[in-house]
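In case you want the letters, here they are:
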Amino acid sequence: MFGRGREEAPQRPIPYDADRPAVEAARRDHGAFEALYRKYVAQVYSFALYETRDPHAAEDLTEQVFLKALHGLPRFREQGDGDASTFRVWLFRIARNALSNERRRVRRHPTAPLDEALAIAATDDPADEVATRELVARAWAAIERLPEDRRRALTLRFVEEMSAREIGQVMGRSEGAVRVLVHRALHSVAEQLGGSRPSRPS
Amino acid sequence: MGARHPIATDSYLDDLLSRRAGVRQTDQSAGTSTHLSAATTDLLPSIRHTADLLDRAMPRFHPSFRFEERLAGRLRTEATGRGILTTPGELVAFPGVDAMSDEGDTGDRRGRSLLVGGAIASGVSIAGAALLAWRRGRGPDVASGVSGERAV
C-alpha cells in the first residue's frame, strides 16, 4: 500500500470484470460454465505446464481447477476496484492452491518441455534460428534455476500477460513486491545469459 | 535495489505485452506511451534484452484437443449431474434411443427410455409419458413390452 501514489506507471484500473456476464450466466445455469472454460483452459493449462514441466500433471491440474471452479462458483465474489478480484484471478488462485496441494502430495522432479518451447519460439529465419534457439535454451535453463516465487511471477507476467496487480492478487503479494520479484527474476536470467544479446531486436 | 528499476521494468513490460497484443495506440494512450518512454530511461539494457528474449521464449501452450473435449464433457456431466446439458424447453434424446422413432424398437429399449425419461428433465419426462401413452394405444404387441415394465 505504500507503493501507491509514487512515481509509478499509470494503473490499469479494473472497474468491471469483463467476465461478469458469463459468471452470472454460469451461476444461473451451470451448463453456461463452458464458455468460461473455453476461454481460460489454455491459460490454466499453460500455467500448470510451466509449473509442473509435465504435460500429464498439467492436464490433471487443469481438470482439478475447473472442477473446483465449477463447484465453487456460488462462493465466488467479485471485489471492488480497490481490491479487485476478477474471475481470472480467482481461477488462478485455485490453480495455485491446487499446485501447492499437489506438491505436498507428490514431490515431482520437473523436466522442462524445452523441445516444445523451442519449437514454438523458433524464428522463420534459418540464419537466425540456431543462435536464437541456443539463447532461448540458456534462458530456459536460467528460468529453471530461479526460486519458485520469481519463476511463477515471470510465468504470470509473460505467459498469462497479467499485470503486477493481478499477479499480486494471485500470489498474495503486494503490487510493489511483484514488481521487485519480476525485476529480480529478469536480472538473474540476464546475469546467467552473461551479456548475450538476442540476435534480432524485437 | 532502488525502487525506480522495478517500476521501469514493469512499465517496459506493460509496453512490450501491449505491443504483443497488438493494442492500438489511441491519442489518449499516446500520452501514456510518452510516460512509459520516460520511465524506461531507467531500464537497464540487459533487462530490456532479456525481456525481449523471454517475450519470444515463453509461449502459451494449448492442451490437446482430445483433452480439452474430454474435460468439457466432464464439466457438462458435473454441471447437470447427469451428463446431459439441457436448456429450458430443450428436448434431449436419451443416448442410444431415438424417442421420436419407433423403427427397430424393442420392448427392452422402450422400457429403458421410460425409466430414464422421468429422471432426465421435466421436458423429457413429458415426452416420455406422451410416447408411452401413444405406444399403449397402438395395440397389444407394443403394449406387452410396456406392461412388463409396469410390473417391475
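This is a predicted model, so every value here is computed, not measured.

Procedures and definitions
Residues numbered from 1 in each chain as written. Chains lettered and ligands numbered in written order. Predicted model: local features only at pLDDT ≥ 70, side-chain atom pairs only at ≥ 80, totals over all residues. Helix = DSSP H or I, 4+ residues; strand = E, 2+ residues; numbered from the N terminus. Contact = placed C-beta atoms within 7 Å. pLDDT = per-residue confidence, 0-100. Expected span 1.5 Å × (residues − 1). Buried ≥ 20, exposed ≤ 12 C-beta atoms within 10 Å, placed from the backbone. Core = buried A, V, L, I, M, F, W, Y, C linked by C-beta atoms within 7 Å. Axes fitted to C-alpha atoms, helices over the stretch in contact; angles between N-to-C directions. Parallel < 35°, antiparallel > 145°, perpendicular 65-115°, else oblique. Nonpolar A, V, L, I, M, F, W, Y, C, P; charged D, E, K, R; others polar.

**Some thoughts on the overall build of chain A**
In step 1: Counting secondary structure elements, chain A contains nine helices and zero strands.
In step 2: Considering only intrachain contacts with a sequence separation of at least 6, the fraction spanning at least 24 residues in chain A is 65%.

**Side note on the confidence of the model for chain A**
In step 1: When pLDDT is averaged along chain A, the result is 80; 74% of the residues meet or exceed 70.
In step 2: pLDDT under 50 marks residues 1-9 of chain A. Its contacts with residues more than four places away, or in other chains, come to 13 contacts.

**Some details on helix 3 (residues 45-57) of chain B**
In step 1: For helix 3 of chain B, spanning 13 residues, the distance from its first C-alpha to its last is 18 Å, which sits close to the expected 18 Å at 1.5 Å a residue.
In step 2: Taken together, the buried positions of helix 3 of chain B are occupied by Ile47, His49, Thr50, Ala51, Leu53, Leu54, Arg56 and Ala57 of chain B.

**A look at the nonpolar core**
Residues and elements named next belong to chain A.
In step 1: By size, the foremost hydrophobic cluster in this structure holds 63 residues, and its most contacted members are Val44, Ala48, Val65, Leu91, Ala95, Ala139 and Ala153.
In step 2: Among the elements that take part in this core, helix 2 (residues 33-52) stands out by supplying 11 residues, more than any other.
In step 3: Apart from the residues lying within four places of it in its own chain, the contact partners of alanine 95 are Val44, Phe47, Ala48, Leu61 and Val65.

**Structural notes on the packing of helix 1 (residues 20-28) of chain A against helix 2 of chain A**
All names here are of chain A.
In step 1: Look at helix 1 against helix 2: their axes get within 7 Å of each other, and the N-to-C directions meet at 135°. Of the possible angle classes, the one that applies to helix 1 and helix 2 is oblique. For the pair helix 1 and helix 2, the contacting residues are Ala22, Val23 and Ala26 in the first and Phe33, Ala35 and Leu36 in the second.
In step 2: Of the residues assigned to the contact of helix 1 with helix 2, the class counts are six nonpolar, no polar and no charged.

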